[in-house]
Amino acid sequence: MNDALTISVPRLHTDRLTLREYRVEDFELFAEHLSNAESSAHLGSADRQTAWRIFNSHAGFWLLNQAGWWSIEDRQTGQLVGSVGAFFRYESTVMEMGWNTYRAFWGKGIANEAVAAVLSYAFEVRREPKVRALIAPGNESSLRVAERLGMQFEMKTELNGKEVNSYMREHS
């Protein structure tokens, strides 16, 4: 009897993007993003060891919750352009969404497109009743993405000792 655990990360596609599982070869750009002060201004920067822990944590969400993070790949070039997630924080029953676009790809609508695909997945496939995003005050680009996708301010809260704003959208 084979009692091996098999986990599958669903692939999502948009006109320009493929959202796919994390791969070890994705780590270099991921770590570079987290070490860059401008790119990680709202996340907090991380050294390589911390970035490796976060990278593995993102991938591991799928094993524990059948939800997690995807690498965002440009369909035309195969180039990695960011990451997007739909996951559950410790002791939370509400699916949270998060996104990062790598600096070279800012301003190209990638976050809007990727988050829209994940929002559809959360509501249509997983049947989540609502989703939330935690956004640092001053992160205007993420706020614009959240608002474009119908998320509304819910409350102020705290994440890792820092004040953040929670934005929420219910399934309609």
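For the structure, check the block above.
Every value quoted in this text rests on a predicted model; they were computed, and no experiment measured them.

Caption draft 1: Structural detail: the overall build of the chain. Helices and strands together make up the secondary structure of the chain, namely 4 helices and 8 strands. Scaling as 2.2 N^0.38, a compact globule of 172 residues should have a C-alpha radius of gyration of about 16 Å, and the chain matches this with 16 Å. Its C-alpha atoms give the chain principal-axis dimensions of roughly 50 × 35 × 35 Å. Within the span of the chain, comprising 172 residues, buried residues form 45% of the whole. Considering only intrachain contacts with a sequence separation of at least 6, the fraction spanning at least 24 residues in the chain is 56%. Positive and negative side-chain charges in the chain, numbering 19 and 22 respectively, have mean positions lying 3 Å apart.

Caption draft 2: How the structure looks around the pattern of salt bridges. Evaluated as defined, the whole model comprises 11 salt bridges. Of the charged contacts, one joins Glu21 and Arg23 as a salt bridge, the two residues approaching to 3.0 Å between their closest N and O atoms. In this structure Arg23 comes out as partly exposed when scored by relative accessible area, which is 27%. Glu96 serves as the salt-bridge partner of Arg89, at 2.6 Å between the closest nitrogen and oxygen. Connected through shared salt-bridge partners, Arg11, Glu21 and Arg23 make up one network.

Caption draft 3: Inspection of the layout of surface pockets at higher detail. By volume, the second largest pocket is sized at about 180 Å³. Residue lining of the second largest pocket: 11 residues in total, with Leu29, Glu32, Tyr102, Arg103 and Ala104 positioned closest to the centre. In terms of residues, the lining of the second largest pocket owes the most to one element, helix H1 (residues 27-35), which gives 3 residues. Split into classes, the residues belonging to the lining of the second largest pocket amount to 5 nonpolar, 4 polar and 2 charged.

Caption draft 4: Here's a closer look at the side chain of Thr14. Following the sequence through the fold, Thr14 ends up in the loop between strand S1 (12-13) and strand S2 (17-20). For Thr14, the side chain forms a polar contact with the side chain of Glu113, separated by 2.4 Å. Here Thr14 is in contact with Arg75, Glu113 and Ala117, once residues within four sequence places are set aside.

Procedures and definitions
- Residues numbered from 1 in each chain as written.
- Predicted model: local features only at pLDDT ≥ 70, side-chain atom pairs only at ≥ 80, totals over all residues.
- Heavy atoms only, no water.
- Helix = DSSP H or I, 4+ residues; strand = E, 2+ residues; numbered from the N terminus.
- Rg over C-alpha atoms; globule rule 2.2 N^0.38 Å.
- Buried < 20%, exposed > 50% of the residue type's maximum accessible area, 1.4 Å probe, protein only.
- Contact = heavy atoms within 4.5 Å.
- Lys, Arg positive; Asp, Glu negative; His and termini not counted.
- Charge placed at Lys NZ, Arg CZ, Asp CG, Glu CD.
- Salt bridge = Lys/Arg side-chain N within 4 Å of Asp/Glu carboxyl O.
- 1 Å grid on protein atoms, 1.4 Å probe; cavity = no way out; pocket = protein on both sides within 12 Å on 5 of 7 lines; lining within 4 Å.
- Points joined across faces, edges and corners; volume = space filled by probe spheres on them.
- Nonpolar A, V, L, I, M, F, W, Y, C, P; charged D, E, K, R; others polar.
- Polar contact = N/O pair within 3.5 Å; in protein donor to acceptor, adjacent residues only side chain to side chain.

The quantities given are spatial measurements derived from coordinates; they are silent on function.
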